[in-house]
Amino acid sequence: MNLILFGPPGSGKGTQSARLVGHYGMTHISTGDALRAAIRNKSEIGMRAQAIMERGGLVGDELVTDLLRSIIGEHRDTTDSFLFDGYPRTRQQVMNLDQVIEEFNLSPPAVIQLDVPDETLILRLTGRRLCAHCRAVFNIYFSPARQNGVCDICAGPLMKRVDDNPETTRERLRVYHGQSRPVLEQYQERGLLYTIDATGSADEVFRKINSVIEENY
Ligand code: ADP
Ligand code: ZN
């Protein structure tokens, strides 16, 4: 089974991905995580992506697709179940993914859309804090750490992602509505789109995702 977890920034793709990996043993591919790793490693891809990501734009289709291809290539021998998180994000990427799916002889992915209104997304993103050590996620509005700025789990320092500031957040949402949402129509036409209300707790959302998978796969 292959799945695309689709949703605006802040819809909970990362959280739900971790659960899907734990529950179904899928191989998680997050283009956002891969790009952030490339930036940390100061690789050429990272250099090209950094400024774009910091202002909330989309990295070029060709570059992210090459990245995707190389990650699938690393794992294809040992798995045939991928979870795509943050890809495809443009109509062009849908076409690219079709080609990649064929190249690697994978089954066509279904799309699970996490639906959350913009007002909630803005609070989720601007309030998000990540532990610098263990990557645990907190939110100053919805799920604050017991002690301000300190991780409940490992006592590491809490930080903000550079693109979680108010201006970049607005730009990411604008890009989402303009360029990414249209992707859904393509999967809708293929009968492969499942939409879930993702405003509830992470547990509730995971239960809904589970039902979709159990009913259809
Ligand atoms: P979010 O969905 O919360 O914005 P991600 O970690 O998925 O976070 O992505 C962060 C940034 O990485 C995006 O704003 C964009 O600049 C870049 N990015 C990630 N995936 C893609 C993609 N498929 N195409 C183009 N840019 C991407
Ligand atoms: Zn921690």
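Keep in mind it's a predicted model, so treat the numbers as computed, not measured.

Undergrad: What should I look at first to understand helix α2 (residues 31–40) in this one?
TA: Listing the buried residues of α2 in full gives T31, G32, A34, L35, A38 and I39. The arc that holds every buried residue of α2, seen down its axis, measures 165 degrees, which confines them to one face. In the core, the buried residues of α2 are packed alongside β2 (27–30), α3 (44–54), α4 (61–75) and β3 (82–85). One or two positions beyond α2, positive phi appears at K42, with a value near 55 degrees.

Undergrad: What's the story with the pattern of salt bridges in this structure? I'm lost.
TA: As a working rule, side chains carrying opposite charge can pair if their charged atoms are close by. Counted by the stated rule, this structure contains 13 salt bridges. Among the salt bridges present, the one from R69 reaches D66, with a minimum N-O distance of 3.7 Å. Taken together, the residues R69 and D66, both in helix α4 and 3 residues apart, mark about one turn of the helix. On the basis of relative accessibility, which here comes to 43%, the residue D66 falls in the partly exposed class.

Undergrad: When you look at the domain arrangement of the protein in this model, what are you seeing that I'm missing?
TA: Frequently, the measure chosen for interface size is the accessible area that the parts lose on association. Assigned domains within the protein: domain 1 (3–117 + 176–216) and domain 2 (128–163). When each unit is reduced to the centre of its C-alpha atoms, the spacing between domain 1 and domain 2 is 24 Å.

Undergrad: Whenever I open this one, the site of ligand 1 confuses me. Can you help?
TA: Taken together, 18 residues lie around ligand 1, and T31, R36, G57, G86 and Q93 are the ones closest in. Within the backbone of G57, an N or O atom sits 2.5 Å from an oxygen atom of ligand 1. Measuring from an oxygen atom of ligand 1, one finds a side-chain N or O atom of R161 at 3.1 Å. Within the complex, 96% of the 550 Å² of free accessible area of ligand 1 lies under protein. Here the shell around ligand 1 gets 4 residues from one element, more than from any other, and that element is α2.

Undergrad: How do you make sense of the coordination of the zinc ion (ligand 2) when you look at a structure like this?
TA: Put simply, the ideal angle at a metal is 109.5 degrees for four donors in tetrahedral geometry and 90 or 180 degrees for six donors in octahedral geometry. All of the protein donors around the zinc ion (ligand 2) are C131 (SG), C134 (SG), C151 (SG) and C154 (SG); their distances to the metal are 2.3 to 2.4 Å. Classification of the site at the zinc ion (ligand 2) as tetrahedral follows from its 4 donor atoms and the range of 99 to 117 degrees in their angles at the metal. Sequence spacing among the residues donating to the zinc ion (ligand 2) works out to C-x2-C-x16-C-x2-C. Taken together, the residues C134 in the loop between β5 (128–131) and β6 (137–139) and C154 in the loop between β6 and β7 (158–159) connect sequence positions 20 residues apart.

Undergrad: How should I be thinking about the pairing of strand β1 (residues 3–6) in this particular structure?
TA: Consecutive side chains along a regular strand alternate between the two faces of the sheet. Alternating residues of β1 divide into L3 and L5 and I4 and F6, and every residue in both groups is buried. The pairing of β1 with β3 spans 3 bridges and is classified as parallel. Bridge pairing links L5 to D85 in β3. As paired elements, β1 and strand β4 (residues 110–115) share 4 bridges and run parallel to each other. If you follow F6 over to β4, its bridge partner there is Q113.

Undergrad: I keep staring at the sheet that holds β5 and nothing clicks. Help me out?
TA: Spatial ordering of the open sheet is given by β6-β5-β7, a layout of 3 strands whose pairing is antiparallel. Edge positions in the sheet fall to β6 and β7, since each of these pairs with one other strand and no more. Helix α6 (residues 118–126) contacts β5 and β6 of the sheet and is inclined by roughly 35 degrees relative to β5.

Undergrad: What should I look at first to understand the packing of aromatic side chains in this one?
TA: Aromatic rings in a pair are described by how distant their centres are and how their planes are angled relative to each other. Inspection of the entire model under this criterion finds 3 aromatic pairs. Ring centres 5.9 Å apart and planes at 45 degrees place the aromatic pair F6 and Y176 in the tilted group. Linking F6 in strand β1 with Y176 in helix α7 (residues 166–180), this pair joins segments that are 170 residues apart in sequence. You can call F6 buried: its relative accessible area is 4%. Here Y141 and F142 contribute two aromatic rings whose centre-to-centre distance is 6.4 Å and whose plane-to-plane angle is 70 degrees, an arrangement assigned as edge-to-face. The ring centre of Y187 lies 5.0 Å from the NZ or CZ of R190, which sits over that ring.

How each quantity is defined
Counting from 1, residues in each chain are numbered in the order their sequence is written. As a convention, the first chain written is A and the first ligand written is 1, with the rest following in written order. Two thresholds apply to this predicted model, a pLDDT of at least 70 for residue-level local features and 80 or more for giving and counting side-chain atom pairs, whereas whole-chain, interface and lining totals are computed over all residues. Side-chain metrics in this entry use all non-hydrogen atoms of the structure; hydrogen atoms and water are not considered. A simple rule labels every residue: compare its accessible area, found with a 1.4 Å probe on the protein chains alone, to the largest value its type can have, and call it buried under 20%, exposed over 50%, or partly exposed in between. Starting at the N terminus, helices and strands are each numbered in turn, a helix being any DSSP run of H or I of at least four residues and a strand any DSSP run of E of at least two. By construction, the arc corresponds to the directions joining the helix axis to the C-beta atoms. Pairs of residues are marked as contacts when any of their non-hydrogen atoms sit within 4.5 Å. When a carboxyl oxygen of Asp or Glu lies within 4 Å of a side-chain nitrogen of Lys or Arg, that pair is called a salt bridge. Start and end positions for the domains come from either an automated domain assignment or a database one. One heavy atom within 4 Å of a molecule or strand makes the whole residue count as near it. The term polar contact refers here to a pair of N or O atoms within 3.5 Å; inside protein, the definition further demands a hydrogen-donor-capable atom paired with an acceptor-capable atom, and it admits residues adjacent in sequence only when both atoms are side-chain atoms. Throughout, the Shrake-Rupley method with a 1.4 Å probe supplies accessible areas, and for residues the shown protein chains are the sole cover considered. The donor set comprises N, O and S atoms within 2.8 Å of the metal, extended to 3.2 Å for Na, K and Ca; water molecules are omitted, so apparent gaps in a site may simply reflect that omission. Here the metal geometry follows the donor angles, with tetrahedral for four donors whose angles all fall between 85 and 135 degrees, square planar for four and octahedral for six when opposite donors are more than 155 degrees apart and every other angle is between 65 and 115, and irregular for all the rest. Any two strands with at least two DSSP-identified bridges between them are counted as paired. The axes used here are C-alpha line fits, helices contributing only the stretch in contact, and every angle between their N-to-C directions lies in the interval 0 to 180 degrees. Pairing of aromatic rings covers Phe, Tyr and Trp, the last counted by its six-membered ring, and requires centre-to-centre distances within 6.5 Å; plane angles under 30 degrees mean stacked, over 60 mean edge-to-face, and any other angle means tilted. Here, a charge over a ring is recorded when the distance from Lys NZ or Arg CZ to the ring centre is within 6 Å and its angle to the ring normal is within 35 degrees.

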